[in-house]
Amino acid sequence: MRPISHFKKDYGYRIYIIFLLIMMALPASTLSGSDPKIIRFSHVVSENTPKGWGAMELARRVNKALKGKVRMEVYPNGTLFNDNQAIEAVAMGSLEMAAPSTAKFKGFVPGLQLFDIPFLFSDLHAVHKTMDGEIGRELKSIFRKRALGIQLLDFWDNAFKQFTCNTNPLTTPNDFKGMKFRIMDSEILEAQIEALGGVGYQSAFSDVFDLLSEGKMDGQENTASNIYTQHYHTVQHYMTLSNHGYLGYLVIVNQAFWEGLPWPVQKKISAILKEVTLGVREKAIAFNQHALTALKTYAETHDAFEIVSLTSDEKQALQRAVAPVEKEFKDLIPKRWLETIQHDHGL
């Protein structure tokens, strides 16, 4: 019988030879680790929107700065996933990045419905102060601590929402009575429409145009850029400049994928994302101003579409009508968050 030490030496040698043969059979790119990490970024809007621009700009900069290490691919217009599917895919690791609207995260972090409360924010500066301050940092921490499989990287703007409708201008709460409105997947938005006397129906963004054109919905709420790029103005008769609620997005990444990236790569992507986020904020203003101008031009040349502005009294009447919504959902949103925002607004 051979000594055990000889057996171990012989066995180890055989393993070493097998290892060499396997390594020789692998492609050179696998051995060197030169294959770039693929980051698929899925979103549901067109490329000429704030989020669409942000995704393309982020991919352009990341691909340029991390050539050979990371390749980001963008899938717009829901070609890969809708928002709800994208959140689940990121959580499960079958998608790397997405930027769904804040309303879509109610099942993950209910407090995010803060951004759905009507007339809570006076302007984008107030929104940014919330995102860039303690509340924003706390939201990022909540995602990490709850082991959701999702890491929140940043917040992206669209703008404030406007109402559109087929039947009559929406200037008073009475104008909403009995109307069917498509809304995002949010109980707060549903309560908002109910407070105005209408009925809110939750449906995917990709279905909105068909719902409006087929008359299954009387109206909807969205930003000027989305209304224009999705052609809602061609199947709606009235648009009310209400600025009643904010629409923004969360840039998210699969947590395991993110943590698996080398620290220098994480640092570089984070730095690029920070710069792109500032660009998205600027583009959000520019895109929505351009869209609103285009919508006004359309209204001037098409009798079937009219844009209505609210008087100060009309806006206050709408604010009073939806005021109970905040109290109804006080248990979902930390009281100190609301107090912080109200303090910042001098309320």
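Residues numbered from 1 in each chain as written. Predicted model: local features only at pLDDT ≥ 70, side-chain atom pairs only at ≥ 80, totals over all residues. Heavy atoms only, no water.

1. So, the pattern of salt bridges
Turning to step 1, where the next piece is worked out: On inspection of all chains with the given rule, the structure shows 14 salt bridges.
Turning to step 2, where the next piece is worked out: A salt bridge links E73 to R71; its shortest N-O distance comes to 3.2 Å.
Turning to step 3, where the next piece is worked out: Look at E73 and you get partly exposed, because its relative accessible area is 21%.
Turning to step 4, where the next piece is worked out: Taking relative accessible area as the criterion, R71 reaches 37% and is therefore assigned partly exposed.
Turning to step 5, where the next piece is worked out: As a salt-bridge pair, R137 and E134 come within 3.3 Å of each other at their nearest N and O atoms. Of this pair, R137 and E134 both sit in helix α6 (residues 134–145), separated by 3 residues, roughly a single helical turn.
Turning to step 6, where the next piece is worked out: Salt bridges here are not isolated pairs; linked through shared partners, they connect E57, R60, R61 and E275. (Salt bridge = Lys/Arg side-chain N within 4 Å of Asp/Glu carboxyl O. Buried < 20%, exposed > 50% of the residue type's maximum accessible area, 1.4 Å probe, protein only. Helix = DSSP H or I, 4+ residues; strand = E, 2+ residues; numbered from the N terminus.)

2. Observations concerning the layout of surface pockets
Turning to step 1, where the next piece is worked out: Approximately 630 Å³ is the volume attributed to the largest pocket.
Turning to step 2, where the next piece is worked out: Looking at the lining of the largest pocket, the elements that each hand over two or more residues are β4 (150–160), β9 (238–241), α11 (263–301) and α12 (312–322).
Turning to step 3, where the next piece is worked out: Per-element accounting of the lining of the largest pocket gives the leading share, 5 residues, to α11.
Turning to step 4, where the next piece is worked out: Counted as a void, the second largest pocket has a volume near 500 Å³.
Turning to step 5, where the next piece is worked out: In this structure, the second largest pocket is lined by 23 residues; those nearest its centre are K140, L153, D154, S270 and K274.
Turning to step 6, where the next piece is worked out: Elements supplying a minimum of two residues to the lining of the second largest pocket: α5 (124–132), α6, β4 and α11. (1 Å grid on protein atoms, 1.4 Å probe; cavity = no way out; pocket = protein on both sides within 12 Å on 5 of 7 lines; lining within 4 Å. Points joined across faces, edges and corners; volume = space filled by probe spheres on them.)

3. Comments concerning the nonpolar core
Turning to step 1, where the next piece is worked out: Grouped together as the largest cluster of nonpolar side chains are 84 residues, with contacts concentrated most on F41, L58, M97, L114, F115, L139 and W156.
Turning to step 2, where the next piece is worked out: Among all residues touching F115, those that are not within four sequence positions of it are T102, F121, V127, T130, M131, L139 and Y246.
Turning to step 3, where the next piece is worked out: With 17 residues, the next largest nonpolar core counts V44, M217, Y232 and V235 among its residues. (Core = buried A, V, L, I, M, F, W, Y, C linked by side-chain atoms within 4.5 Å. Contact = heavy atoms within 4.5 Å.)

4. Let's talk about the environment of F160
Turning to step 1, where the next piece is worked out: Of note, F160 is situated in strand β4.
Turning to step 2, where the next piece is worked out: The class of F160 is buried, set by a relative accessible area of 11%.
Turning to step 3, where the next piece is worked out: With 82 residues separating them in the primary sequence, F160 and S242 have C-alpha atoms 8.5 Å apart.
Turning to step 4, where the next piece is worked out: In this structure F160 touches F121, S122, D123, L124, V127, N222, T223, N243, G245 and Y246, once residues within four positions along its chain are discounted.

5. Observations concerning the packing of α5 against α6
Turning to step 1, where the next piece is worked out: It is at 3 Å that the axes of α5 and α6 come closest, and there the two elements cross at 50°. Classified by the interaxial angle, the pair formed by α5 and α6 is oblique. Across the interface between the two elements, T130, M131 and D132 from α5 touch I135, G136 and R137 from α6.
Turning to step 2, where the next piece is worked out: Here the contact of α5 with α6 is composed, by residue class, of 2 nonpolar, 2 polar and 2 charged. (Axes fitted to C-alpha atoms, helices over the stretch in contact; angles between N-to-C directions. Parallel < 35°, antiparallel > 145°, perpendicular 65-115°, else oblique. Nonpolar A, V, L, I, M, F, W, Y, C, P; charged D, E, K, R; others polar.)

6. A short note on the sheet that holds strand β7 (residues 199–202)
Turning to step 1, where the next piece is worked out: The sheet built from 6 strands is open, its strands ordered β7-β6-β8-β5-β9-β11 with mixed pairing. The open sheet has two edge strands, β7 and β11 (306–309), and neither has a second partner. Averaged over all adjacent pairs, the angle separating strand axes in this sheet is 25°, with direction ignored. (Pairing = 2+ DSSP bridges.)

7. What to know about the side chain of T164
Turning to step 1, where the next piece is worked out: One can find T164 in strand β5 (residues 162–165).
Turning to step 2, where the next piece is worked out: For T164, the side chain forms a polar contact with the side chain of Q236, separated by 2.7 Å. (Polar contact = N/O pair within 3.5 Å; in protein donor to acceptor, adjacent residues only side chain to side chain.)

8. Regarding the pairing of β4
Turning to step 1, where the next piece is worked out: The buried count for β4 comes to 11 of 11 residues, which makes it a mostly enclosed element.
Turning to step 2, where the next piece is worked out: Here β4 pairs with strand β10 (residues 246–254) via 9 bridges, running antiparallel. For F160, the partnering residue across the bridge sits in β10 and is Y246.

9. Some thoughts on the sheet that holds strand β1 (residues 37–42)
Turning to step 1, where the next piece is worked out: With respect to topology, 5 strands assemble into an open sheet ordered β2-β1-β3-β10-β4, the strand pairing being mixed. In this open sheet, the two strands that pair with only one neighbour each are β2 (70–75) and β4.
Turning to step 2, where the next piece is worked out: Pairing between strand β3 (residues 97–98) and β10: 2 bridges, direction antiparallel. When the sheet's bridge partners are listed, M97 is paired in β10 with V253.
Turning to step 3, where the next piece is worked out: Along the sheet, α5 makes contact with β4 and β10, crossing β4 at roughly 175°.
Turning to step 4, where the next piece is worked out: Packed on one face of the sheet, α6 meets β4 and β10 and runs near 140° to β4.

10. Quick notes on the side chain of S42
Turning to step 1, where the next piece is worked out: With respect to the helices and strands, the residue S42 is situated in strand β1.
Turning to step 2, where the next piece is worked out: The buried category is assigned to S42, whose relative accessible area is 2%.
Turning to step 3, where the next piece is worked out: Setting aside anything within four residues of it in sequence, one finds S42 in contact with Y75, L80, F81, L95, M97, A98 and A99.

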